[in-house]
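What the coordinates show
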Amino acid sequence: MGTKDKEGFLKQFLVYALLICIGFIYVYPLLHMISTSFMNLDDLLDSSIKWLPSSLNFSNYKQAASSMNFWTSLLQSIIIAGVPTICNLVSCSIVGYGLARFNFRGKSICMGIIILTFVLPSQVTMIPTYVLYSNMGLLNTLWAFILPSIVAQGINAPIFILIFWQFFRQIPKVLNEAAKIDGAGYFESFYKIAIPSGKPAFITVGLFSFVWYWNEAYLTNLYVHGVYGDSSWTTLVIQLQNFASNYSNYQQTAGASGGGVATLNESINMAGTMLSIIPLLLLYFVLQKQFVESIDRTGITGE
Amino acid sequence: MEETKKMTRADKKALKERMKHLKSGKLEKRDARVGYIFMIPWFIGVAAFLAYPLINSFWYALNQIQITPMGRDFTFYGIKNFTDILLQDPDFIVELVDYLTSTILSVPIIVVFALIIAMMLNMKIKGKGFFRVVFFLPVIIVSGPILGQLNAEGAGSISAIDMTALTNTISSVLPSMLAEPISDLFNNMIMTLWYSGVQILIFLSGLQKIDKSMYEAAKIDGGSGWECFWKITLPNLKSMILLNVVYTVVFTSNNDQNPIIGLIESSMFSGAPGRGYGYASAMAWLYTVVVILLVGLFALLLMTRKDAYEKQVKRAKKAIKKDARNRKKIERRNRRSAKRIERQRAQGKITSRTTSREDY
């Protein structure tokens, strides 16, 4: 129980069994998704086939991809998630450094407001922000995401500020003093000492910001995609949200040009879902070490 | 000893007070100014994207807003929007009660589950990295539409375990008000568990920071694993538990799978009379107040709880005092009875030495 001693065989066995069972439950929806996405119509109807499809059927993916406009949506998703992430990195690191290094009047009030903005549901500020954007003509453009993230108010920005704050606090003050003696100014010591030593925090914030912007359907739909779908911006997640209507459109146009297109079924649904998470899964498996160790290294847990 | 300690503490307080009135040095002043410069982006952000929308949203909530071709048309309503939502809206109260019961039920489950998994991962096992990757996976792919697709597919529950028997038992034992959310919870077990990826990692890093020598000391004193958990692991994880609970509440409340958020959006763009931006703002405000109250409730519940160690110390101190009192009582009684015996012996009533002092 929490100790690191060698446990008895039975206990070890029990722990492994539990972990494997729960781990299976965790990936169960994913496995289900993968296996269903490869099934053809006969497999779906055949009740004897539960897990392994009779043959690998890639046509589901082809149809889902073309109905979702996969490559365009992928590119736009990367832009919509990537650009605000870069802005977040810049603004949140500056603010976090300011909180960690300097003592000024009202600092605790600032911390209080940051924590409050974390708890505050975004819905309460959503409507006036929507009106503000539409007055400024920013609605349905990428600026609606860039602008708040430049001033450290993007999606989940309070968490990022706190991560940077925690991390920059751990850098010994002596380093700064040494730099000062050597003639470095405040800003020089920020980008010559804090930024290079804050690499883990930058990686963590970058990854999480990217993933969260990628997965954000609600605000993207409202500000960038447009509620009535009147903008050219779209993301994979939003395409998935409107999958049924997109697919029926696709079916009509492709059916008119003579290609035989299957009606929407579970397999195609799951293939669409897979397509929208495959980029993230790839990112995760390449960078899993950074993801999993990020919370340890940044000391988000607070001392 | 006690007095000198108090003196120094008072001195320190006075010193601090005096320091406050001292003018800060040039360097400190410059430091503070640079600090403000670093905070400038955030100040602008708070003004533009927090204070301004908050005030506006409050103003909207007090108005009826109609969108006309000429622009937005405001009619002052007072608190009518709020009373309408609370008294006349058919959905809001129902959804709110659902949200509250499901959150109050699922938060402890998520946190306890995360703690158990984290403790298992903290043991000496092989493939720790692999398991960490598996348990963190949902954090990456969780998003509204994907959960929606999976739920529609029925992949949110474990088909291998027959849930109907379980739900039937639950609904026969508990009143229907409680039974429904609980059986919902079981039906969406995977989704509930999927929300605990970050929490597991937070607990894990908390567990790794506990000093190993504490466990060793406890073991030498004969503490069992069970006792170690309650008296070492749990008190050390107190702040992590609070953090995780707050994180879980905020996450489930701001998640776009939440029906209330859908309700707010649909009334924002609804053309029905009495609906619109003002109505949606009022709803968002009510929801915000409920969420903040909920977070505060959980925080209060966890913060006032004294930890096991403090309780133990208090109990031990009490026992020591009681012991001392008892000993004194016995001593007094002994002395009294000894005197009585002496007296009686002097009077010559007792001759044997059976109840003499040596027996005590």
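Remember, it's a predicted structure, so these values are computed and weren't measured experimentally.

Section: the overall build of chain B
Looking only at helices and strands, chain B features 16 helices and 2 strands. For chain B, the proportion of its 360 residues judged to be buried stands at 42%. Long-range pairs, those at least 24 residues apart, make up 68% of the contacts in chain B between residues at least 6 apart in sequence.

Section: the packing of aromatic side chains
Using the criterion set out here, one finds 37 aromatic pairs over all chains in the structure. For the pair A:Tyr133 and B:Phe49, a centre-to-centre distance of 6.3 Å together with 50° between the ring planes defines the contact as tilted. Residue A:Tyr133 is located in helix α6 (residues 123-136), and its partner B:Phe49 is located in helix α2 (residues 26-61); the two belong to separate chains. The two residues A:Tyr133 and B:Phe49 agree in class, both being buried. Each residue in the set A:Tyr97, A:Phe102, A:Phe164, A:Phe168, A:Tyr186, A:Phe187, A:Phe190, A:Phe202 and B:Phe38 is aromatic and connected to the rest through ring pairs, giving one cluster. Positioned above the aromatic ring of A:Trp165, the side-chain terminus of A:Arg169 is 4.3 Å from the ring centre.

Some details on helix α11 (residues 199-215) of chain A
Here α11(A) contains 17 residues, and its C-alpha end-to-end distance of 24 Å stays within 8% of the 24 Å for a straight helix at 1.5 Å per residue. Of all 17 residues in α11(A), 15 are buried, a share of seventy percent or more.

Let's talk about the packing of helix α10 (residues 186-197) of chain A against α2(B)
The contact between α10(A) and α2(B) brings their axes to 11 Å, and the two run at 60°. By the angle class used here, α10(A) and α2(B) are oblique. Between α10(A) and α2(B), the contacting residues are A:Tyr186, A:Phe187 and A:Phe190 on the first element and B:Arg30, B:Asp31, B:Val34, B:Ile37 and B:Phe38 on the second. Residue composition of the contact of α10(A) with α2(B), by class: 6 nonpolar, no polar and 2 charged.

Digging into the interface of chain A and chain B
Counting from both sides, the interface comprises 100 residues of chain A and, opposite them, 99 residues of chain B. For the pairing of chain A and chain B, the buried interface totals around 9,100 Å² over both sides, and the portion due to carbon and sulfur atoms is 74%. Counting across the chain A and chain B interface gives 0 salt bridges. Our count for the contact surface shared by chain A and chain B stands at 9 residue pairs in polar contact (both at pLDDT 80 or more). Counting residues per element, the side of chain A that touches chain B draws most heavily on helix α1 (residues 9-37) of chain A, which supplies 17 residues. Its residues placed into classes, the side of chain A that touches chain B shows 66 nonpolar, 23 polar and 11 charged.

Reading guide: rules and limits
- One numbering rule holds for all chains: residues counted from 1, following each sequence as written.
- Throughout, the order in which chains and ligands are written sets their labels, letters from A for the former and numbers from 1 for the latter.
- Given that this is a predicted model, residues contribute local features only at a pLDDT of at least 70 and side-chain atom pairs are listed and counted only at 80 or more, while totals for whole chains, interfaces and linings are drawn from all residues.
- Side-chain measures were taken over the full set of non-hydrogen atoms in the model, leaving aside hydrogen atoms and water.
- Strands here mean DSSP runs of E at least two residues long; helices mean DSSP runs of H or I at least four residues long; both are numbered from the N terminus.
- Burial classification: accessible surface area is computed with a 1.4 Å probe over protein chains only, and a residue below 20% of its type maximum counts as buried, one above 50% as exposed, and the rest as partly exposed.
- A contact between two residues is defined here by any heavy atoms of the two lying within 4.5 Å.
- Here a Phe, Tyr or Trp ring, Trp counted by its six-membered ring, pairs with any other such ring whose centre lies within 6.5 Å, and the pair is stacked when the planes are under 30 degrees apart, edge-to-face when over 60, and tilted otherwise.
- Lysine and arginine charges are scored as sitting over a ring when NZ or CZ, respectively, is within 6 Å of the ring centre and within 35 degrees of the ring normal.
- Helix span is expected to be 1.5 Å times the residue number reduced by one.
- Note on geometry: axes are C-alpha line fits, over the in-contact stretch for helices, and angles between N-to-C directions span 0 to 180 degrees.
- Between 65 and 115 degrees an angle is taken as roughly perpendicular, under 35 as roughly parallel, over 145 as roughly antiparallel, and anywhere else as oblique.
- Polar here means any residue outside two lists: the nonpolar Ala, Val, Leu, Ile, Met, Phe, Trp, Tyr, Cys and Pro, and the charged Asp, Glu, Lys and Arg; Gly therefore counts as polar.
- Two parts placed together each lose some accessible area under a 1.4 Å probe, and adding up what both lose gives the buried area.
- The salt bridge definition used is simple: a Lys or Arg side-chain nitrogen within 4 Å of an Asp or Glu carboxyl oxygen.
- Here a polar contact means two N or O atoms within 3.5 Å. Within protein one must be a hydrogen donor candidate and the other an acceptor candidate, and residues neighboring in sequence count only if both atoms are side-chain atoms.

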